[in-house]
Amino acid sequence: IMDRGYDFQGVVRWFAERADVVLLMFDPDKPGTTGETLNILLHSLGGMDHKLLIVLNKADQFKKIHDFARAYGSLCWNLSKVIPRKDLPRIFTMCLPVKDGENSIPSDISTTEALDQRATLEK
């Protein structure tokens, strides 16, 4: 855990208590696996799971649907250790739309469908 020169957990708790929504963004290469993230979720954001909005960012970077499933599953597993609920909160995915042209996928479809289409295009 980093030494920032101030009480990071306390600051996160202070802001979270005053916020309507706490946005948590996770990257595919580190889906919630850092000890500091899990510690913050457990201690600073404990009891505030009703405010959490969890996003798996950069979903467009996955080459295969299996990679997406692995990262999503890893994130769910890690969050299940620190969010004391029967069911995990909904995890949203986010990606940047592909520019018109090569391997263009319409932006009005889900991420999973987009990944399936991208895998088909790459075959």
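A brief look at the structure comes next. Remember, it's a predicted structure, so these values are computed and weren't measured experimentally.

## Description of the pairing of strand β2 (residues 52-56)
With four of five residues buried, β2 is to be regarded as a mostly interior element. Taken together, the five bridges between strand β1 (residues 22-26) and β2 define a ladder with parallel strand orientation. Bridging across to β2, L23 finds its partner in L53. Judged from the three bridges that link them, β2 and strand β3 (residues 91-93) form a sheet pairing that is parallel. Within the sheet, the bridge partner assigned to I54 lies in β3 and is I91. Handedness of the β2-helix α3 (residues 65-82)-β3 crossover: right-handed.

## Quick word on the pattern of salt bridges
Pairs may arise between side chains of opposite charge once their charged atoms sit close together. Enumeration over the complete set of coordinates arrives at five salt bridges. Among the salt bridges present, the one from E36 reaches R4, with a minimum N-O distance of 2.5 Å. With E36 in helix α2 (residues 35-44) and R4 in the segment before α1 (8-18), this pair connects stretches of sequence that are 32 residues apart. A salt bridge links R18 to E17, with the nearest nitrogen and oxygen atoms 3.6 Å apart. Here R18 falls in the exposed class, since its relative accessible area comes to 51%. Where salt bridges share partners, they join R13, E17 and R18 into one cluster.

Calculation criteria
- Residues numbered from 1 in each chain as written.
- Predicted model: local features only at pLDDT ≥ 70, side-chain atom pairs only at ≥ 80, totals over all residues.
- Heavy atoms only, no water.
- Buried < 20%, exposed > 50% of the residue type's maximum accessible area, 1.4 Å probe, protein only.
- Helix = DSSP H or I, 4+ residues; strand = E, 2+ residues; numbered from the N terminus.
- Pairing = 2+ DSSP bridges.
- Right-handed = clockwise from strand over helix to strand, strands pointing away.
- Salt bridge = Lys/Arg side-chain N within 4 Å of Asp/Glu carboxyl O.

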